[in-house]
Amino acid sequence: MAQAPPEVAALLARSNRLGADPRNTNYAGGNTSAKGTVTDPVTGQPTELVWVKGSGGDLGTLTETGLSVLRLDRLRALADAYPGVDREDEMVPAFDYCLHGRGGAAPSIDTAMHGLVDAPHVDHLHPDSGIAIATAADGEALTKAIFGDRAIWVPWRRPGFQLGLDIARIKRSNPQAIGVILGGHGITAWGSTSDECEANSLELIRTAQRYIDQHGRLEPFGPVLDGFEPLPQDERRIRAAALAPVIRGLVSTDRPQVGHYTDTDVVLDFISRAEHPRLAALGTSCPDHFLRTKVRPMVLDLRPDAPLEDVLTRLRELHAAYRADYAAYYQRYAGPDSPAMRGADPAIVLVPGIGMFSYGASKQAARVAGEFYVNAINVMRGAEALSTYAPIDEAEKFRIEYWALEEAKLARMPKPKPLATRIALVTGAGSGIGRAIALRLAAEGACVVVADRDAESAAALAAEIGPETAIAFTADVTDEEQVAAAVAAAALAFGGVDLVVNNAGLSVSKPLLET
C-alpha cells in the first residue's frame, strides 16, 4: 500500500487540534478535508484525491482509517449528473463510485461540500460562537457587522449536495472571503495550506466570541427566578440521586436507557433564569445537537425545594405530556416514506436547582447528549445576548431527524451487547470472584459499580474496565449507610441499579451443624 502524502498527516494533526477544544466543535461533529495528488496504481498517472473525515467519526480522535478517500475528478463530475435539490439524497450513494481504493470510512453527507469548494483544505465546524450568530434572528446582518467581507452569510439549507454547490459558488464570487456562516448550522472555512485553513477557522470562531463578549447583554437569560437558585451541592446531589432512577424509568418507556447527571454552573445558571422555559421550548438548532438531544428537552416547572412526592408526581405528568407532544410532532410532519417513530421519550430532562439528566443507549451516548445540550445553552446565550434566538423551524428539524440518510447511519451501528443499558452493583468486586463477575458483566455491555472495602483494588478494576462503563465505590456491606451511598452513586453515575451481585462476605469453613 502506497504511503499517504504529507497532506494527510497535516489534515489529521489539524483535525485533532480543532476537535480537542469543545469551543471549536462538538463530539463527532464537523468534518475536515485536504486535497492532494498521488500516483494512480493502475495508470501510473498523477491523480487528484480528496481526503474527508468519514461518517460518524470524531475530529479529536481522527486517524487515517476514519477518512474517506475519493477521486476529485469523479466527485466533481457528479455536478453534471445532479438531478436537483428534490432528489439530492440520490447523490450520497454515488459517492461510493468516486472512492479511491478499498477501506476507509463511509463518505458523509458533507463530502460534496469538501470536494466542490475550490480550496486545498476545508473545515466545517460547529462552534458555539459561530452557531450563536447562525441562529440569531438577524444573523445575516450580524455576519456583515462582525466579519465584513471576510465571511459570507449562507441562509439555512439542509446539509447535502446543494449546500456544497452553494458554498462553492459563494467562494468563487467572493475571493476575499475565508469562510461562510451557515444559517442555523455552523461555519465552513478554507485555506491554501492546512495551517492557513486552521487559522481561518479559528479566526471565525474567536472573532464571533469576541464580538459576543464585547457587545452582548450581560444577562441574556433574564434575572434569576425567585426560589429557583441552585441548592447547595450536597443537597442537590441527594435530591438528584432520589430523582435519577424515577426519571430513568420514565424515559425508558420505549427502550431502556442509561443516564448521565450534570450540575455544572452553565446548566444550573440557565435553568434558574426567567427565560429558560421559553428558550428550552424553542429547542436546539444545529443538526448535530438535536439528533442527540431531540428537538426539545423536558423541563420541570417546580422549585427545587418542592416536596419530593410533588416533584415525582409532576415529572410523571410532564412525561406523559411530552410523549403526547412528540407523537403529535411526528404525525404533523411524517410522510408515507418516513421511518417509524423511534421513541417519544425525552433525551434531556432539566430540573431547576438540581441539574440536567441526559440519556442514551450507552453511558457515552448519555454523556454526549448532555454535552450537546450544554453546547445548545451556550448557543442560546450568545444569540440572545446579541439578538433573539431563532432556530430552524420544526418541519426542518423533522426532515433531518427522520432523514433516510440518518436512518441508514443508525442501521450501520453495531448490534448492542446482551446487557447493554443494564446497570450492575457488584459488592466485593475488587478481587476474586467479584472481580471476575464485574469483568464479565462489563464485557456483556453492562455499566458496573465496583464496590469493595479496598478502595485501591476497586479503583484499579474500574480503571481497567473504563470510565464510561464503571465507577469505583468504597463500601462495607455490613454498614447500611455505606450500601445506601453505593446505590446513590450508581444513580448519579448511570441513572439507577438494575442488577445487584451480593458477592461480598467471609468464607467460613466449619461443619454444617456448627455454622
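Everything that follows concerns the structure shown earlier in this document.
Notes on the structure follow. Quantities reported herein were computed from a predicted structural model and do not represent experimental measurements.

Some remarks on the overall build of the protein
When helices and strands are counted, the protein shows 19 helices and 15 strands. For 515 residues, the compact-globule estimate of 2.2 N^0.38 gives 24 Å, and the protein sits close to it at 25 Å. With the C-alpha coordinates aligned to their principal axes, the bounding extent of the protein is approximately 90 × 60 × 45 Å. Here the protein holds 515 residues, and 53% of them are scored as buried. Sequence separation of at least 24 residues holds for 71% of the intrachain contacts in the protein that already meet a minimum separation of 6.

Examining the packing of helix α9 (residues 233-251) against helix α13 (residues 308-333)
Between α9 and α13, the shortest axis-to-axis distance is 11 Å and the interhelical angle comes to 25 degrees. Taken together, the axes of α9 and α13 lie roughly parallel to each other. Considering how the two elements wind past one another, α9 and α13 form a crossing that is right-handed. Counting all contacts with α9, which are made through R239, A242, L243, V246, I247, L250 and V251, the residues of α13 involved are L308, V311, L312, L315, R316 and H319.

Re the sheet that holds strand β10 (residues 348-351)
The four strands lie next to each other as β8-β11-β10-β9, forming an open sheet whose pairing is mixed. Strands with a single pairing partner mark the edges of an open sheet, and in this sheet they are β8 (258-262) and β9 (298-299). Judged from the two bridges that link them, β9 and β10 form a sheet pairing that is parallel. From the neighbouring strand, M298 faces β10, where its bridge partner is V349. Packed on one face of the sheet, helix α14 (residues 363-386) meets β8, β10 and β11 (355-360) and runs near 135 degrees to β11.

So, the sheet that holds strand β15 (residues 499-501)
Pairing is parallel in the open sheet, where four strands are placed in the order β14-β13-β12-β15. Both edges of this open sheet fall to β14 (470-474) and β15, since each of them pairs with a single strand only. Strand-to-strand twist of the sheet, defined as the mean angle between neighbouring strand axes without regard to direction, takes the value 15 degrees. For strand β13 (residues 447-452) and β14, the ladder comprises five bridges, and the chain directions are parallel. Residue pairing for β14: D452 is matched across the bridge by T474.

What about the nonpolar core?
One finds W51, L67, I133, F147, I181 and L204 to be the most contacted residues of the largest nonpolar core, which totals 33 residues. Tallying contributions element by element places helix α8 (residues 194-215) first for this core, with five residues. Those residues in contact with F147, other than ones at most four positions away along the chain, are I181, L204, T207 and A208. Within the second largest apolar cluster, 30 residues are counted, among which are L231, A244, I247 and Y402.

Here's the deal with the pairing of β10
Neither face of β10 is open: one carries I348 and L350, the other V349 and V351, and all of them are buried. Since β9 and β10 lie parallel, the crossover through α13 that links them has a hand, and here it is right-handed. In this sheet, β11 lies alongside β10 in antiparallel orientation, the contact comprising four bridges. Residue pairing in the sheet places V349 in a bridge with F357 of β11. In this antiparallel pair of consecutive strands, β10 and β11, the connection spans three residues, and G353 shows a positive phi of 80 degrees.

Describing the pattern of salt bridges
All chains considered together, the criterion is met by 31 salt bridges. Ionic pairing is found between R23 and D21, a salt bridge with its closest N-O pair at 2.8 Å. The salt bridge partner of R440 is E444, with a shortest N-O separation of 3.1 Å. Among the residues examined, E444 registers a relative accessible area of 23% and is labelled partly exposed. If you follow the salt bridges from partner to partner, you end up with R217, E275, R278 and E384 in one network.

Regarding the packing of aromatic side chains
For the coordinates displayed, the defined rule picks out ten aromatic pairs. Consider the rings of Y326 and Y329, whose centres lie 5.3 Å apart with planes at 55 degrees: the pair is tilted. Taken together, the residues Y326 and Y329, both in helix α13 and three residues apart, mark about one turn of the helix. Judged by its relative accessible area of 3%, Y326 falls in the buried class. Look at Y333 and F398: their rings are 5.9 Å apart centre to centre, the planes differ by 40 degrees, and that puts the pair in the tilted class. Note that Y333 is positioned in helix α13 and F398 in helix α15 (residues 394-401), a separation of 65 residues in sequence. One aromatic cluster is present, formed by Y326, Y329, Y330, Y333, F398 and Y402 through successive ring pairs. It is K294 that lies over the ring of Y326; its NZ or CZ is 4.2 Å from the centre.

Brief notes about α15
By the criterion of burial, α15 is predominantly enclosed, with six of the eight residues buried. Looking at α15, one finds that the buried residues are E394, E396, K397, F398, I400 and E401. Looking at the buried residues of α15, the elements they touch are α11 (276-282), α12 (287-293), α13 and α16 (404-411). The opening residue of α15, the one whose side-chain oxygen lies 3.2 Å from the backbone nitrogen of A395, is D393.

Structural notes on helix α18 (residues 455-465)
Residues S457, A458, L461, A462 and I465 constitute the buried set of α18. The buried residues of α18 all sit within an arc of 135 degrees when viewed along its axis, so they share a single face. What points out from α18, more than 90 degrees from its buried face, is the exposed set E456 and A463. Of the surrounding secondary structure, the elements contacted by the buried residues of α18 are α17 (432-443), β13 and β14. Measuring from the side-chain oxygen of the N-cap residue of α18 to the backbone nitrogen of E456 gives 3.0 Å; that N-cap residue is D454. Of the residues one or two after α18, G466 is the one with positive phi, at around 125 degrees.

Parameters and conventions
- Residues numbered from 1 in each chain as written.
- Predicted model: local features only at pLDDT ≥ 70, side-chain atom pairs only at ≥ 80, totals over all residues.
- Heavy atoms only, no water.
- Helix = DSSP H or I, 4+ residues; strand = E, 2+ residues; numbered from the N terminus.
- Rg over C-alpha atoms; globule rule 2.2 N^0.38 Å.
- Buried < 20%, exposed > 50% of the residue type's maximum accessible area, 1.4 Å probe, protein only.
- Contact = heavy atoms within 4.5 Å.
- Axes fitted to C-alpha atoms, helices over the stretch in contact; angles between N-to-C directions.
- Parallel < 35°, antiparallel > 145°, perpendicular 65-115°, else oblique.
- Left-handed = near helix turned anticlockwise from the far one by under 90°.
- Pairing = 2+ DSSP bridges.
- Core = buried A, V, L, I, M, F, W, Y, C linked by side-chain atoms within 4.5 Å.
- Right-handed = clockwise from strand over helix to strand, strands pointing away.
- Salt bridge = Lys/Arg side-chain N within 4 Å of Asp/Glu carboxyl O.
- Phe/Tyr/Trp six-rings, centres within 6.5 Å; stacked < 30°, edge-to-face > 60°.
- Lys NZ or Arg CZ within 6 Å of the ring centre and 35° of its normal.
- Polar contact = N/O pair within 3.5 Å; in protein donor to acceptor, adjacent residues only side chain to side chain.
- Arc of directions from axis to C-beta.

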